[in-house]
Amino acid sequence: MARQGELAAKVGGHGGMDYLMLFRMLQCVREGLPPDMDVYDAAAWSAVGALSVTSVSNGSAPIEFPDFTQGKWMQRTASGIATQA
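A brief report on the enclosed structure follows. (Residues numbered from 1 in each chain as written. Predicted model: local features only at pLDDT ≥ 70, side-chain atom pairs only at ≥ 80, totals over all residues. Heavy atoms only, no water.)

## Re the packing of helix α1 (residues 2-11) against helix α2 (residues 17-31)
Here comes step 1: As a packed pair, α1 and α2 sit with axes 8 Å apart at the nearest point and diverge in direction by 130 degrees. Looking at the two axes, α1 sits oblique to α2. Of the residues in α2, those touching α1 at Gln4, Gly5, Leu7, Ala8 and Val11 are Tyr19, Leu20 and Phe23.
Here comes step 2: Among the residues making up the contact of α1 with α2, the classes are represented as six nonpolar, two polar and no charged. (Axes fitted to C-alpha atoms, helices over the stretch in contact; angles between N-to-C directions. Helix = DSSP H or I, 4+ residues; strand = E, 2+ residues; numbered from the N terminus. Parallel < 35°, antiparallel > 145°, perpendicular 65-115°, else oblique. Contact = heavy atoms within 4.5 Å. Nonpolar A, V, L, I, M, F, W, Y, C, P; charged D, E, K, R; others polar.)

## What to know about the side chain of serine 55
Here comes step 1: Positionally, serine 55 belongs in helix α3 (residues 39-57).
Here comes step 2: Setting aside residues no more than four positions away along its own chain, serine 55 makes contact with Ser60, Ala61 and Ile63.

## A word on the pattern of salt bridges
Here comes step 1: Considering all chains together, one arrives at three salt bridges under this definition.
Here comes step 2: A salt bridge links aspartate 36 to arginine 24; the shortest N-O distance between them is 2.6 Å. Of the two residues, aspartate 36 sits in the loop between α2 and α3 while arginine 24 sits in helix α2, which places them 12 residues apart along the sequence.
Here comes step 3: Where aspartate 38 meets arginine 76, a salt bridge forms, and the shortest distance between an N and an O atom there is 2.5 Å. Of the two residues, aspartate 38 is situated in the loop between α2 and α3 and arginine 76 in the segment after α3; the sequence distance between them amounts to 38 residues.
Here comes step 4: Taking the relative accessible area as the measure of exposure, aspartate 38 reaches 29% and is therefore partly exposed. (Salt bridge = Lys/Arg side-chain N within 4 Å of Asp/Glu carboxyl O. Buried < 20%, exposed > 50% of the residue type's maximum accessible area, 1.4 Å probe, protein only.)

## Things to note about the environment of arginine 24
Here comes step 1: Owing to a relative accessible area of 9%, arginine 24 belongs among the buried residues under this scheme.
Here comes step 2: In this structure, the C-alpha to C-alpha distance between arginine 24 and proline 35, residues 11 residues apart in sequence, is 8.4 Å.
Here comes step 3: With sequence-adjacent residues up to four places away left out, arginine 24 is seen in contact with Leu33, Asp36, Gly80, Ile81 and Gln84.

## Quick word on a nonpolar patch on the surface
Here comes step 1: On the surface, a cluster of nonpolar side chains totalling about 460 Å² of accessible area is made up of Val39, Tyr40, Val48, Phe65 and Phe68.
Here comes step 2: Using a relative accessible area of 41% as the deciding quantity, one classes phenylalanine 65 as partly exposed. (Patch = residues over 30% accessible without salt bridge, like charges linked within 9 Å, V, L, I, M, F, W, Y side chains within 5 Å. Areas by Shrake-Rupley, 256 points an atom, 1.4 Å probe, with all protein chains shown as cover.)

Written out as C-alpha cells, the structure is:
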C-alpha cells in the first residue's frame, strides 16, 4: 500500500484521498470483498451539503441530521479496512 500512497500523492485529488478511495473500492470489487461504505454511509456523506445550505439559508441555524438507518447504526459492524491490523 506504500506504493499506492506515493502514487496517490502524485496524481490524486484532495491530497491523494480521491485516488485511495477509488483504489480501495476497486480492490474490494476485484477481491470479492464487501465495500467499506454502504448506501447509508453514502446518504450521510451526501446530506452534508444540502443540510449546510439549509443552515446558512436560516442564519446558520442548527439543522437536525437525519438518521438514514432508523437507529440501526448502533448495531452495524465495522468495515473490513477498519478492522485490519
